[in-house]
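Residue strings, one per chain:
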Amino acid sequence: TAKRGQSGCEVYAPSMDAASQESLSLLSELRHAIDAGELRLFLQPKVDLHRQRIAGAEALVRWEHPTRGLVPPMEFIPFAEQTGFIRQITAWMLHASAQTWINLQREGLAVPISVNLSTRDLMDQDLPIKVADLVAGVPPSALCLEITESAIMDDPQRALQTLEQLHALGFKLSIDDFGTGYSSLAYLKQLSVDELKIDRSFVMNMERDIDDAKIVRSTIELAHNLGLSVVAEGLETAKAWTLLQTLGCDQGQGYLLARPMPGEQFAQWLRTWQP
Ligand code: C2E
Ligand code: CA
Ligand code: CA
Ligand code: CA
């Protein structure tokens, strides 16, 4: 149903389905979003549950759309992933995270920042070089890269290689949403990761559901047996904090501490935070 327009580019007849038309316009809007400076970096703190101090922050992307307002990542990340555009978003986030870290350090408030990588990023053979380039000026150990289990299992050999190189460059690595993907413990053993993040679905239900509590407990044990640090996502209540502490979990992240906030507000938040 596409015919050649006079300019030689394709003109789409109205019969093109609404969904693909919407995708096309979303893609061009996303492209525009980066150039127009519409992406925002939000930060959400992670707390050391035992020492009761802020141990780091996760960088989460938002899209400040001129008419739609603040668009949450779930409304464009999956699409960006499908189209490969995620690589540009990742690059933007890495660069913005590095800038944020440098600004925090100037104020004596630097904490490690975690950045999310996607399957597409892991498939990019030049990823390690690109990351190193984008965050030049920040010690690699101040950056943690979060990767989901499913991103690794998509092409484990390739992912393993890329992660090995990132690790060799000194970046910290974290397995995100642990327990939700079809992970393989065999690969986990081979990976040079530093941290496991327990998916928030387990943490948020563990006070009500004995099975979720058991999953949280075994994940903490597994992580520690493998020499990894463990973070609980979805920390929403004081009761959960106490329970996680009892179970020996190292860090927590969730609404109990703070919702993700604009990067510029984080320094102020850090200065005033009290356990
Ligand atoms: P994620 O990596 O698992 O990030 C944690 C998500 O959990 C965030 O949602 C955060 O706001 C939310 N969260 C944190 N604490 C709590 C809590 O106590 N309760 C509840 N109910 N939720 C909590 P957000 O920011 O909407 O991001 C959703 C997902 O979008 C992320 O999940 C990640 O998969 C993806 N994402 C966000 N930013 C990026 C990015 O820069 N790059 C990539 N590749 N993916 C991103
Ligand atoms: Ca994450
Ligand atoms: Ca997660
Ligand atoms: Ca998640």
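First, a word on scope: everything that follows refers to the structure included in this document. (Residues numbered from 1 in each chain as written. Chains lettered and ligands numbered in written order. Predicted model: local features only at pLDDT ≥ 70, side-chain atom pairs only at ≥ 80, totals over all residues. Heavy atoms only, no water.)

1. Description of the coordination of the calcium ion (ligand 4)
At step 1: In the first shell of the calcium ion (ligand 4), the protein supplies Asp 177 (OD) and Asp 177 (OD), at 2.8 to 3.1 Å from the metal.
At step 2: Between the two metals, the calcium ion (ligand 4) and the calcium ion (ligand 3), the spacing is 3.5 Å, and Asp 177 donates to both.
At step 3: Within the element layout of this structure, Asp 177 appears in strand 8 (residues 172-178). (Donors = N, O, S within 2.8 Å, 3.2 Å for Na, K, Ca; no water. Helix = DSSP H or I, 4+ residues; strand = E, 2+ residues; numbered from the N terminus.)

2. A few points about the nonpolar core
At step 1: Among the nonpolar cores identified, the biggest contains 83 residues, and Ile 89, Leu 122, Leu 145, Ile 152, Leu 166, Leu 244 and Phe 266 are the most heavily contacted of them.
At step 2: The biggest single contributor to this core is helix 3 (residues 86-106), with 9 residues. (Core = buried A, V, L, I, M, F, W, Y, C linked by side-chain atoms within 4.5 Å. Buried < 20%, exposed > 50% of the residue type's maximum accessible area, 1.4 Å probe, protein only.)

3. Focus on the site of ligand 1
At step 1: In the vicinity of ligand 1 lie 22 residues, with Gln 44, Arg 62, Arg 200, Glu 236 and Tyr 255 positioned nearest.
At step 2: Contact distances for ligand 1 include 3.1 Å between an oxygen atom and a side-chain N or O atom of Asp 176.
At step 3: Across the complex, the protein chains shield 87% of the 800 Å² of accessible surface that ligand 1 would expose by itself.
At step 4: Because more than half of its atoms lie within 2 Å of the grid, ligand 1 is assigned to the largest pocket.
At step 5: Looking at the shell around ligand 1, the elements that each hand over two or more residues are strand 4 (53-65), helix 3, strand 8 and helix 9 (200-205).
At step 6: For the shell around ligand 1, the element with the highest residue contribution is strand 4, accounting for 4 residues.
At step 7: For the shell around ligand 1, the residue count by class is 11 nonpolar, 4 polar and 7 charged. (Near = heavy atom within 4 Å. Polar contact = N/O pair within 3.5 Å; in protein donor to acceptor, adjacent residues only side chain to side chain. Areas by Shrake-Rupley, 256 points an atom, 1.4 Å probe, with all protein chains shown as cover. 1 Å grid on protein atoms, 1.4 Å probe; cavity = no way out; pocket = protein on both sides within 12 Å on 5 of 7 lines; lining within 4 Å. Sits in = over half its atoms within 2 Å of the grid points. Nonpolar A, V, L, I, M, F, W, Y, C, P; charged D, E, K, R; others polar.)

4. Examining the coordination of the calcium ion (ligand 3)
At step 1: Every protein donor of the calcium ion (ligand 3) is accounted for by Asp 176 (OD), Asp 177 (OD), Glu 233 (OE) and Glu 233 (OE), and the metal-donor separations fall at 1.9 to 2.9 Å.
At step 2: Written as a sequence motif, the donor residues of the calcium ion (ligand 3) are D-D-x55-E.
At step 3: Between the calcium ion (ligand 3) and the calcium ion (ligand 2) the interatomic distance comes to 3.8 Å, and Asp 176 is a ligand of both metals.
At step 4: Residue class for Asp 176 comes out buried when judged on its relative accessible area of 6%.
At step 5: Overall, the relative accessible area of 23% leaves Asp 177 in the partly exposed class.

5. What to know about the pairing of strand 9 (residues 195-198)
As a general feature of sheets, a regular strand has side chains that alternate between the two faces.
At step 1: Residues Glu 195 and Lys 197 point to one face of strand 9 and Leu 196 and Ile 198 to the other, with burial holding for every one of them.
At step 2: Where strand 8 and strand 9 come together, 3 bridges link them in parallel fashion. Bridged to Ser 174 within strand 9 is Glu 195.
At step 3: Across 4 bridges, strand 9 lies against strand 10 (residues 229-233) in parallel orientation. Paired with Glu 195 across the two strands is Ser 229, which belongs to strand 10. (Pairing = 2+ DSSP bridges.)

Keep in mind these values describe shape, not function.
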